[in-house]
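Chain by chain, the residues run as shown.
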Amino acid sequence: MVKSIEIPGSDDVLELEPTSDGFGYVASITRRRPDGTASWVAVPSIEPRDVWVSVRLDGSAAIANSWSCYRVSFDVVSGTETSRVFTK
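Residues numbered from 1 in each chain as written. Predicted model: local features only at pLDDT ≥ 70, side-chain atom pairs only at ≥ 80, totals over all residues. Heavy atoms only, no water.

Caption draft 1: Structural view of the pairing of strand E4 (residues 38–42). Looking at chain direction, strand E3 (residues 26–32) and E4 are connected through 4 bridges and run antiparallel. Bridge assignment links Ile29 to a residue of E4, and that residue is Ala42. Hairpin connection, E3 to E4: the antiparallel pair is bridged by 5 residues, and Gly36 has positive phi, about 95°. (Pairing = 2+ DSSP bridges. Helix = DSSP H or I, 4+ residues; strand = E, 2+ residues; numbered from the N terminus.)

Caption draft 2: Fine view of unusual backbone geometry. Phi at Cys69 takes a positive value of approximately 75°, unusual for a residue other than glycine. Within the secondary structure, Cys69 is located in the loop between strand E6 (61–66) and strand E7 (70–75).

Caption draft 3: Here's a closer look at the side chain of Ser68. Mapping Ser68 onto the fold places it in the loop between E6 and E7. Reaching out from Ser68, the side chain makes a polar contact with the side chain of Asp50 at a distance of 2.5 Å. Looking at Ser68, its side chain comes within polar contact range of the side chain of Ser66, at 3.0 Å. In this view, Ser68 contacts Ile46, Glu47, Asp50 and Phe86; residues no more than four positions away in its chain are not counted. (Polar contact = N/O pair within 3.5 Å; in protein donor to acceptor, adjacent residues only side chain to side chain. Contact = heavy atoms within 4.5 Å.)

Caption draft 4: Region of the structure containing the packing of aromatic side chains. This structure, assessed with the given rule, holds 5 aromatic pairs. Taking the centre distance of 5.6 Å and the plane angle of 55° together, the rings of Tyr25 and Trp67 count as tilted. Of the two residues, Tyr25 is situated in the loop between strand E2 (13–18) and E3 and Trp67 in the loop between E6 and E7; the sequence distance between them amounts to 42 residues. Overall, the relative accessible area of 23% leaves Tyr25 in the partly exposed class. Feature note: the residues Phe23, Tyr25 and Trp67 constitute an aromatic cluster, connected by ring pairs. (Phe/Tyr/Trp six-rings, centres within 6.5 Å; stacked < 30°, edge-to-face > 60°. Buried < 20%, exposed > 50% of the residue type's maximum accessible area, 1.4 Å probe, protein only.)

Caption draft 5: Region of interest: the pattern of salt bridges. Summed over all chains, the structure comprises 4 salt bridges. Arg56 serves as the salt-bridge partner of Asp58, at 3.8 Å between the closest nitrogen and oxygen. Owing to a relative accessible area of 47%, Asp58 belongs among the partly exposed residues under this scheme. What makes Arg56 partly exposed here is its relative accessible area of 42%. Where Arg84 meets Glu81, a salt bridge forms, and the shortest distance between an N and an O atom there is 2.9 Å. (Salt bridge = Lys/Arg side-chain N within 4 Å of Asp/Glu carboxyl O.)

Shown next, in the form of structure tokens:
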């Protein structure tokens, strides 16, 4: 089951595609339009088998934390990565 986060002021949502391992992690984040098309997709690109362990909205940013200890911020409109901080 794909979880989603509603984007305030928009009909779009952030879809959180689950990993297949059953641990509840997120393989990718997709901004999905009401017609089903994707505006942008974000995957944790540092490690080949990395996953998102948490995703939240903070104003105009999507904030995702990866298993490899990075906190990544994305512009919610464009999907552009605006920061990546090692948090370990």
